[in-house]
Amino acid sequence: MTLPSVLELKAQAKRLRAALSAKGQSVSHSQSLELLSAQYGFRDWNTACAAASLRSQQQFALGDRVTGVYMGQVFNGEIRGLSRLGDSRHLRVTLQFDAPVDVVTFESFSNHRNRVTCVIGEDGVALKKTSNGEPHLKMRRLD
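Summary of the structure given here.

Procedures and definitions
Residues numbered from 1 in each chain as written. Predicted model: local features only at pLDDT ≥ 70, side-chain atom pairs only at ≥ 80, totals over all residues. Heavy atoms only, no water. Helix = DSSP H or I, 4+ residues; strand = E, 2+ residues; numbered from the N terminus. Rg over C-alpha atoms; globule rule 2.2 N^0.38 Å. Contact = heavy atoms within 4.5 Å. Buried < 20%, exposed > 50% of the residue type's maximum accessible area, 1.4 Å probe, protein only. Phe/Tyr/Trp six-rings, centres within 6.5 Å; stacked < 30°, edge-to-face > 60°. Expected span 1.5 Å × (residues − 1). Arc of directions from axis to C-beta. Pairing = 2+ DSSP bridges.

### Points about the overall build of the protein
Line of reasoning, step 1. Scanning the protein for helices and strands turns up three helices and five strands.
Line of reasoning, step 2. When the helices and strands of the protein are placed in sequence order, the string is α-α-α-β-β-β-β-β.
Line of reasoning, step 3. Scaling as 2.2 N^0.38, a compact globule of 143 residues should have a C-alpha radius of gyration of about 15 Å, whereas the protein reaches 20 Å, well beyond that.
Line of reasoning, step 4. Its C-alpha atoms put the protein at 70 × 30 × 25 Å along the principal axes.

### Looking at the environment of Arg 80
Line of reasoning, step 1. Following the sequence through the fold, Arg 80 ends up in strand β2 (residues 73-84).
Line of reasoning, step 2. For the pair Arg 80 and Leu 62, spaced 18 residues apart in sequence, the C-alpha separation works out to 5.9 Å.
Line of reasoning, step 3. With residues up to four places along the chain from it excluded, the contact list for Arg 80 reads Leu 62, Thr 94, Gln 96 and Arg 115.

### Section: unusual backbone geometry
Line of reasoning, step 1. One non-glycine residue, Met 71, lies in positive phi territory at about 50°.
Line of reasoning, step 2. In this structure, Met 71 sits in the loop between β1 (65-70) and β2.
Line of reasoning, step 3. For Met 71, a relative accessible area of 24% corresponds to the partly exposed category.

### Things to note about the packing of aromatic side chains
Line of reasoning, step 1. Evaluated as defined, the whole model comprises three aromatic pairs.
Line of reasoning, step 2. Here the aromatic rings of Tyr 70 and Phe 97 are separated by 5.7 Å at their centres, their planes lie at 45°, and the arrangement is tilted. In this pair, Tyr 70 is assigned in strand β1 and Phe 97 in strand β3 (residues 90-102), connecting sequence segments 27 residues apart. Each member of the pair, Tyr 70 as well as Phe 97, carries the same accessibility label: buried.
Line of reasoning, step 3. Clustering of aromatic rings is evident, with ring pairs tying together Tyr 70, Phe 75 and Phe 97.

### A look at helix α1 (residues 6-22)
Line of reasoning, step 1. For α1, with 17 residues, the first-to-last C-alpha span of 24 Å sits near the 24 Å given by 1.5 Å per residue.
Line of reasoning, step 2. Turning to α1, its buried residues number three or more, namely Val 6, Leu 9, Gln 12, Ala 13 and Leu 20. End-on view of α1: buried residues confined to an arc of 115°, all on one side of the axis. Across α1 from its buried face, at more than 90 degrees, point the exposed residues Leu 7, Lys 14 and Ala 22.
Line of reasoning, step 3. Positive phi appears at Gly 24, one or two residues downstream of α1, with a value of about 85°.

### With respect to the pairing of β3
Line of reasoning, step 1. Here β2 runs beside β3; their pairing, made up of seven bridges, is antiparallel. Of the residues in β3, the one forming a bridge with Gly 77 is Phe 97.
Line of reasoning, step 2. What sits between the antiparallel neighbours β2 and β3 is a turn of five residues, in which Gly 86 has the positive phi angle 60°.
Line of reasoning, step 3. Relative to strand β4 (residues 112-121), β3 runs antiparallel, the two sharing nine bridges.

Quick look at the structure:
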């Protein structure tokens, strides 16, 4: 489930409060924000709000569907891990591929990867490069 913006979360909380009120259950706006936060898997509204704010500042988010090229092979997959490296604009991303990717170019053997972790820029391009100068990973969100 993709986390919406803070404004959309507040609108959802307002609709939740109205729906509960229509069924005779009175909750405050604050309580509806907390209930909604729990639905998205956060411990409280402050945590959900911070995550939604961060989401709007970056191109990639946990659970995003992505496509691209890893070690010269085309892939589709999902972001399973994502963290910013200090104060830099670099991200550590862990991808789960839909289908294993063969990272070896020799015909005599193969090495398939299902999950990889790379350091990328905010543009989705890996910092490390192969011996031919190509980035290990280039990815973009599937919209």
